[in-house]
Amino acid sequence: MVQGNDLDHVKAELSARIASLDTRAPYARPCELAPDVDQIRLIAHRNGLNPAVTVTHFLDSALSRGERGALVHGWLAMLSDAVASDRHDLAACNAFAAACSVRLAG
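Treat the numbers as computed from the prediction; the structure is a model and nothing was measured.

Definitions and limits used
Residues numbered from 1 in each chain as written. Predicted model: local features only at pLDDT ≥ 70, side-chain atom pairs only at ≥ 80, totals over all residues. Heavy atoms only, no water. Helix = DSSP H or I, 4+ residues; strand = E, 2+ residues; numbered from the N terminus. Rg over C-alpha atoms; globule rule 2.2 N^0.38 Å. Buried < 20%, exposed > 50% of the residue type's maximum accessible area, 1.4 Å probe, protein only. Contact = heavy atoms within 4.5 Å. Areas by Shrake-Rupley, 256 points an atom, 1.4 Å probe, with all protein chains shown as cover. Lys, Arg positive; Asp, Glu negative; His and termini not counted. Charge placed at Lys NZ, Arg CZ, Asp CG, Glu CD. Salt bridge = Lys/Arg side-chain N within 4 Å of Asp/Glu carboxyl O. Expected span 1.5 Å × (residues − 1). Axes fitted to C-alpha atoms, helices over the stretch in contact; angles between N-to-C directions. Parallel < 35°, antiparallel > 145°, perpendicular 65-115°, else oblique. Phe/Tyr/Trp six-rings, centres within 6.5 Å; stacked < 30°, edge-to-face > 60°. Lys NZ or Arg CZ within 6 Å of the ring centre and 35° of its normal.

It is worth spelling out the overall build of the protein at this point. Within the protein, the regular secondary structure consists of five helices and zero strands. Its helices and strands in sequence order give the protein the pattern α-α-α-α-α, from N to C terminus. In terms of C-alpha radius of gyration, the protein reaches 13 Å, essentially the compact-globule figure of 13 Å for 106 residues. Along the first, second and third principal axes, the C-alpha atoms of the protein reach 35 × 25 × 15 Å. Here the protein holds 106 residues, and 44% of them are scored as buried. Sequence-distant contacts, at least 24 apart, represent 67% of the contacts inside the protein between residues at least 6 apart. In the form shown here, the protein has an accessible surface area of approximately 5700 Å², with 55% of it arising from carbon and sulfur atoms. Charged side chains in the protein number 10 positive and 12 negative. The centres of these two groups are separated by 6 Å.

Attention now moves to the pattern of salt bridges. The final tally for this structure, using the stated rule, is eight salt bridges. Taking the shortest distance from any N to any O, the salt bridge between Arg-24 and Asp-36 comes out at 2.6 Å. Taken as a pair, Arg-24 in helix 1 (residues 4-24) and Asp-36 in helix 2 (residues 30-46) lie far apart in primary sequence, 12 residues in all. The exposure class of Arg-24 is partly exposed, given its relative accessible area of 31%. One salt bridge connects Asp-38 with Arg-41, and the closest N-O pair in it is separated by 2.3 Å. Taken together, the residues Asp-38 and Arg-41, both in helix 2 and three residues apart, mark about one turn of the helix.

Another aspect to go through is helix 4 (residues 70-84). In a regular helix each residue adds 1.5 Å, so 15 residues correspond to 21 Å; helix 4 covers 21 Å between its end C-alpha atoms and thus fits that length. When helix 4 is considered as a whole, its buried residues turn out to be Val-72, Gly-74, Trp-75, Leu-76, Met-78, Leu-79, Ala-82 and Val-83.

Judged by relative accessible area, which is 14%, Arg-41 ranks as buried. Setting aside residues up to four positions removed in sequence, Arg-41 forms contacts with Val-53, Thr-56, His-57 and Asp-60.

The next subject is the packing of helix 3 (residues 50-64) against helix 4. With their axes 8 Å apart at the nearest point, helix 3 and helix 4 run at an angle of 170 degrees to one another. Relative to helix 4, the element helix 3 is oriented roughly antiparallel. Note on element contacts: helix 4 touches helix 3 through Val-72, Trp-75, Leu-76, Met-78, Leu-79, Ala-82 and Val-83, opposite Pro-51, Ala-52, Val-55, Thr-56, Phe-58, Leu-59, Ala-62 and Leu-63.

Bringing the packing of aromatic side chains into the picture now. Applying the stated rule across the entire model yields zero aromatic pairs. The side chain of Arg-103 reaches across the aromatic face of Trp-75, ending 5.4 Å from its centre.

Here it is in structure tokens:
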């Protein structure tokens, strides 16, 4: 896991990737967004951003269900929150998973 300024750099990169996805989401098909979500998950995993990894799994499920547009915007907002989180422990992952479960069921 990276620390300090390196982690800030990783978070900035992930935030930029999420913003790019959010810009494309209203016009793209879910299958066109999925590879970028996978890349975000990979970067987050490599850098110990565990809540972001958790949210990407749920976002992937939402995309698989065909969610698009404004619905994807909500998922990306949650992913941004997970990337920005200073906590990377199991409790933080569980909190994000609970929020995602409510959103997925809603």
